[in-house]
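The lines below spell out each chain.
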Amino acid sequence: MSLWDPRGIRAFAVAAGALLCLAACSGDRNDSQRGIGAGPEPCDGSCQDTPTQLSSGDVGRIIAQGVQEAEARSMPATIGVVDRVGNVLAIYRMDGAPETIRITSGPEPITGAPVTGGLDGVEIVASELGVISKALTAAYFSSEGNAFTTRTANQIIQENFNPGEFNTPGGPLFGVQISQLPCSDISQRFDGSGPSPGPHRAPIGFAADPGGLPLYKNGTLVGAVSVIADGEYSLDKTITDNDRNVDELVATAASFGFGAPRNRRADVITVEGKTLRFADVDFGDLASDPEQAPAFGALDPADPGLLAVLGYTVDDPADPPPPLRAGTAFGQPESGVRPADPALFDPALDAFVLVDDANNNRFPPTAGVGGLSADDVQRLLADSISLANRSRSQVRKPLGSSAGIHVTVVDINGDVLGMARTRDALIDAVDVTTQKARTALTLSADFAADRLNSLPPAGYLGEGDLNTVVQRALNDDQAESEIPPYVQAYRDFFDLPQGLADGNIAFSTRAVGNISRPFYPDGQNGAGGVNPQPEGPLSKPPGEWSIFSTGLELDLVYNAVVRHLVYVLQVPNPGNPAQPLFDTDVARNCTGYSSIPDGLLAQTDAFSELRNGLTLFAGGFPIYDGSGELIGAIGLSGDGLEQDDFLPFLAVDRVGKETGNLQNAPREIRADVLQAKDPGLPPDAREVNLRWVICPQSPFLDDPTEQEVCNDL
């Protein structure tokens, strides 16, 4: 079913998939399937053709099962459920559950000292916000072809892959946690009326803290559940053992009856020859029997119960908690993702688009500033999907499945000119592909240095309760991280006095990632990890770096995230404690916010080309016209880093040859011509070129003889 020619066979595959799903998503479960979502066999991307969603009764059952397990372990918890596009369906708090979380990466692995920069060490974030971010991570990183959890995310975002294996490159999704931000202009917001078209934003980005699990019904992904019982929002740096993580145990109980198909779970999927992690516990490890859980209405009346979360379940701080809500059916207009109109894309492509609450395409192909025409954009989107339909997925089951992708094109101003996707592509890709395109655009442009140098510093909150943090900030005692030193560090690193100001170097996001790691070259920790190489110029150094304190990536957006937290927490105005400091949420732009007390987190000079932030992993490329002028960028994300790289790179080349209007960056200015020049660097660090693109050797399912497709581009 997964081997197709997009010009015709795909239509047959979709029809066959629907028939197979009807057979696969029915029947009785045997003991090996206990706890798994209904249907003994999983789907392959087409089961969503039959609308499937979480009912309000399902949501109540999921929470009740989790509450019972938390009670059995005497670990009161906050439990949240979202649908596949991030609508928050319920947040439930038990009596005695931690009301706030401590964001911590734990001791730094080399020095053993705690990291306190960035978000590391912050203690004021409401636990329900951590729960939402964890649930969105599990939902957004999963599909009918793969089931990933926050433990999976933990494995693929750290400085080494696998974590703890010194002298290995950073994780495949290094830095993705600084995505899907509350200030994103791409992610949707709660509209005051309940579940609505998504994808929706995450309060503090994506999570690595175990305890977020995807939920399945009838073989298709319908959402996720997450738990915080230990008060920690952290990560697992040692993945070679099995933890008895209470958040994960309670979430496992909650997911009973909605569990991921076992042959779709991360632990049957390999990346770069390494098996991914799904969970360290299973249904047999539970202290309670989920099938004996009480009805939701019979839960302890002493519990605070359902919560009202400003900006996520209510839009007014005076509103009462809403009742349990049903989720949307993915692939249908109410979810915000539906099949593309036949007039826009050939039906044989099986393309999907994002829509608003009136079912209008949010990002149809449009002409942009700089030279990209609507026809150019249309061709880039269609060609990317056509290539993806032919290409082998790296992380999707069954083996031989096509790559599920989302693709975005932006103009020279960073404005989105068009988006499209395949039917079962991951939801995290929507915001990330826009970050990728804008990152490649910005670092390749001649305006990057001026824009970056004009931004205010990130004002780190640090440790302490809400009153302590606010007073320290108002007294101007908090640590600050300036943005201009990153520009100077880049110039010194490569001996480019006008670097990021002359447009003479084109950056792919893979190359940006190379200079944003805490070790340069990527993954070279040094002997035994105790004598580390220097950091890349856009990264925090070892000892200061953590997944919650990455460098330029986080510092660009830090103040905006804090502005959102201050709003959600309804922090009192020091001059009038009866009123909140802010009665409006953060804008749909993540850059240019002052810190506390400088302007009290007002937005000063936003960096519009990076309005939803940077990203640090492969899949983004600048686009040039025939004369070599930068005119825009493309970002793609899907089922593997090499697929993320070669699909947009190849699409730009093919469309350029068809139209003569555009091209990839000329070879002589691509970032892979750069070598570090700083004389203070070890010699081996000065002998490594940045990377531009990596392509699979034999990527196509329908023509295994077509190999090395990027070699001559």
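Provided above is the structure to which this section pertains.
The structure displayed is predicted, hence computed values, not measured ones.

The rules we used
The residue numbers shown here count from 1 along each chain, following its written sequence. Residues qualify for local features only when their pLDDT is at least 70, as the model is predicted, and side-chain atom pairs are given and counted only at 80 or more; totals for whole chains, interfaces and linings, by contrast, use all residues. Just so you know, side-chain values use all the structure's heavy atoms and leave hydrogens and water out. Numbering of helices and strands starts at the N terminus; helices are DSSP runs of H or I of at least 4 residues and strands are runs of E of at least 2. A helix is expected to span 1.5 Å for every residue after the first. Accessibility here uses a 1.4 Å probe with only protein chains present; expressed as a share of the type maximum, an area under 20% marks a residue as buried, one over 50% as exposed, and anything in between as partly exposed. Each cavity reported here is a set of points on a 1 Å grid over the protein atoms alone in which a 1.4 Å probe fits but cannot get out, each pocket an open set with protein on both sides within 12 Å along at least five of seven lines, and each lining residue one with an atom within 4 Å of a point. Grid points are joined across faces, edges and corners, and a volume is the space filled by probe spheres set on the points. Following the grouping adopted for this structure description, the nonpolar residues are Ala, Val, Leu, Ile, Met, Phe, Trp, Tyr, Cys and Pro, the charged ones are Asp, Glu, Lys and Arg, and the polar ones are all others, Gly among them. Every residue pair with non-hydrogen atoms within 4.5 Å of one another is taken to be in contact. Here, the term disulfide refers to a pair of cysteine sulfur atoms separated by no more than 2.5 Å. To obtain an axis, a line is fitted to C-alpha atoms, over the contacting stretch when the element is a helix, and the angle between two such axes runs from 0 to 180 degrees between their N-to-C directions. Under this scheme an angle from 65 to 115 degrees is roughly perpendicular, one under 35 degrees roughly parallel, and one over 145 degrees roughly antiparallel; angles in between are oblique. In this scheme the crossing of two helices becomes right-handed for a clockwise turn of the near helix relative to the far one and left-handed for an anticlockwise turn of less than a right angle.

Moving on: helix 3 (residues 127-140). Across its 14 residues, helix 3 extends 20 Å between first and last C-alpha, which sits within 8% of the 20 Å expected from 1.5 Å per residue. Of all 14 residues in helix 3, 14 are buried; the element is thus mostly enclosed.

By volume, the largest pocket amounts to about 390 Å³. Around the largest pocket, the lining is made up of 21 residues, and of these Pro169, Arg510, Asn514, Arg517 and Asp522 lie nearest the centre. For the lining of the largest pocket, the secondary structure elements donating two or more residues are helix 11 (509-514) and helix 13 (641-659). Of the residues contributing to the lining of the largest pocket, the split by class is 11 nonpolar, 4 polar and 6 charged. One number sums up the size of the second largest pocket: a volume of about 330 Å³. Lining the second largest pocket we find 22 residues, and of these Pro172, Val271, Val395, Gly640 and Leu641 sit closest to its centre. Contributing elements (two or more residues each) for the lining of the second largest pocket: strand 8 (270-271) and helix 13. Considering only residue class, the lining of the second largest pocket consists of 11 nonpolar, 6 polar and 5 charged.

Most peptide bonds take the trans configuration, and most residues that are not glycine carry a negative phi. With an omega of 0 degrees, the peptide bond running from phenylalanine 161 to asparagine 162 counts as cis. Here asparagine 162 is to be found in the loop between helix 4 (150-156) and strand 5 (212-217). Residue proline 521 follows tyrosine 520 across a cis peptide bond; omega there is -5 degrees. Structurally, proline 521 can be placed in the loop between helix 11 and helix 12 (552-569). Even without being glycine, aspartate 495 reaches a positive phi, approximately 55 degrees. Inspection of the secondary structure puts aspartate 495 in the loop between helix 10 (484-494) and helix 11. Given the relative accessible area of 53%, aspartate 495 is considered exposed.

With that out of the way, let us pick up the environment of glycine 656. Among the secondary structure elements, glycine 656 is positioned in helix 13. Classification of glycine 656 as buried rests on a relative accessible area of 11%. Considering only alpha carbons, one finds glycine 656 and isoleucine 204, 452 residues apart in sequence, at a separation of 39 Å. With residues up to four places along the chain from it excluded, the contact list for glycine 656 reads Asn661 and Leu662.

Summed over all chains, the structure comprises 3 disulfides. Sulfur-sulfur distance for the disulfide between cysteine 695 and cysteine 710 comes to 1.8 Å. Between cysteine 695 and cysteine 710 the sulfur-sulfur dihedral comes to about -85 degrees; the bridge is accordingly left-handed. Of the two residues, cysteine 695 sits in the segment after helix 13 while cysteine 710 sits in the segment after helix 13, which places them 15 residues apart along the sequence. The exposure classification of cysteine 695 matches that of cysteine 710, with both residues buried.

Moving on to the packing of helix 2 (residues 56-72) against helix 5 (residues 246-254). Viewed as axis vectors pointing N to C, helix 2 and helix 5 meet at an angle of 140 degrees, and their least axial separation amounts to 7 Å. As judged from the angle between their axes, helix 2 and helix 5 are oblique. In this structure, helix 2 crosses over helix 5, and the sense of that crossing is right-handed. Facing Ile62, Gln65, Gly66, Glu69 and Ala70 of helix 2, the residues of helix 5 in contact are Leu249, Val250, Ala253 and Ala254.

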